[in-house]
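Architecture at a glance
If you want the building blocks of each chain, they are given just below.
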Amino acid sequence: MEIESHESEYNDISNELYENTKDLSPLLAALKASRENPLIVHVNGKTYFDVFLDENGVIQSRDFYTDLSK
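Residues numbered from 1 in each chain as written. Predicted model: local features only at pLDDT ≥ 70, side-chain atom pairs only at ≥ 80, totals over all residues. Heavy atoms only, no water.

So, the overall build of the protein chain
Looking only at helices and strands, one finds one helix and four strands in the protein chain. N-terminal to C-terminal, the α/β element order of the protein chain is α-β-β-β-β. Over its C-alpha trace the protein chain gives a radius of gyration of 15 Å, far above what one expects of a compact globule, namely 11 Å for 70 residues. When the backbone C-alpha atoms are referred to their principal axes, the protein chain occupies close to 50 × 30 × 15 Å. Across the 70 residues of the protein chain, 14% fall into the buried class. (Helix = DSSP H or I, 4+ residues; strand = E, 2+ residues; numbered from the N terminus. Rg over C-alpha atoms; globule rule 2.2 N^0.38 Å. Buried < 20%, exposed > 50% of the residue type's maximum accessible area, 1.4 Å probe, protein only.)

If you want it as structure tokens, here you go:
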């Protein structure tokens, strides 16, 4: 029973990730978001993370960081 529950949760998360990726990839391409010029995502307060497409068009992100200048 517990395994089925985890499989269902995994499938739900996988589907959500696929849907978000489907929307995010064209946006990053249109913005020309790269390692050198990433899309900066504001999380909360002074916490951010960067997201971009690598050379192969795969979505990449960097760990959270704090920007004390803002």
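Observations concerning unusual backbone geometry
Unusually for a residue other than glycine, Lys-32 sits at a positive phi of about 55°. In this structure, Lys-32 sits in the loop between α1 (2-31) and β1 (39-44).

Some points on the packing of aromatic side chains
Evaluated as defined, the whole model comprises two aromatic pairs. Measuring from centroid to centroid gives 6.1 Å for Tyr-48 and Tyr-65, while their planes differ by 25°, and the two rings are stacked. With Tyr-48 in strand β2 (residues 47-53) and Tyr-65 in strand β4 (residues 65-66), the pair connects residues that are 17 residues apart, well separated along the chain. A relative accessible area of 28% places Tyr-65 in the partly exposed class. (Phe/Tyr/Trp six-rings, centres within 6.5 Å; stacked < 30°, edge-to-face > 60°.)

A short note on the nonpolar core
The biggest cluster of nonpolar side chains holds five residues, and these are Leu-28, Ala-33, Val-51, Phe-52 and Leu-53. With three residues, the top contributor of residues to this core is β2. Look past the residues within four positions of Leu-28 in its chain and what remains in contact with it is Ala-33, Leu-39, Val-51, Phe-52, Leu-53 and Ile-59. (Core = buried A, V, L, I, M, F, W, Y, C linked by side-chain atoms within 4.5 Å. Contact = heavy atoms within 4.5 Å.)

Overview of the pairing of β2
Of all seven residues making up β2, five are buried, and the element is well covered by its neighbours. Taken together, β1 and the strand that follows it, β2, pair antiparallel across an intervening segment of two residues, in which Gly-45 is found at a positive phi of about 60°. Here β2 runs beside β4; their pairing, made up of two bridges, is antiparallel. Note on β4: the bridge partner recorded for Tyr-48 is Tyr-65. Looking at chain direction, β2 and strand β3 (residues 59-61) are connected through three bridges and run antiparallel. Across the sheet, Leu-53 pairs through a bridge with Ile-59, a residue of β3. The hairpin turn running from β2 into β3, its antiparallel successor, is five residues long, and Gly-57 in that turn takes a positive phi close to 80°. (Pairing = 2+ DSSP bridges.)

All we've got here are geometric facts, nothing functional implied.
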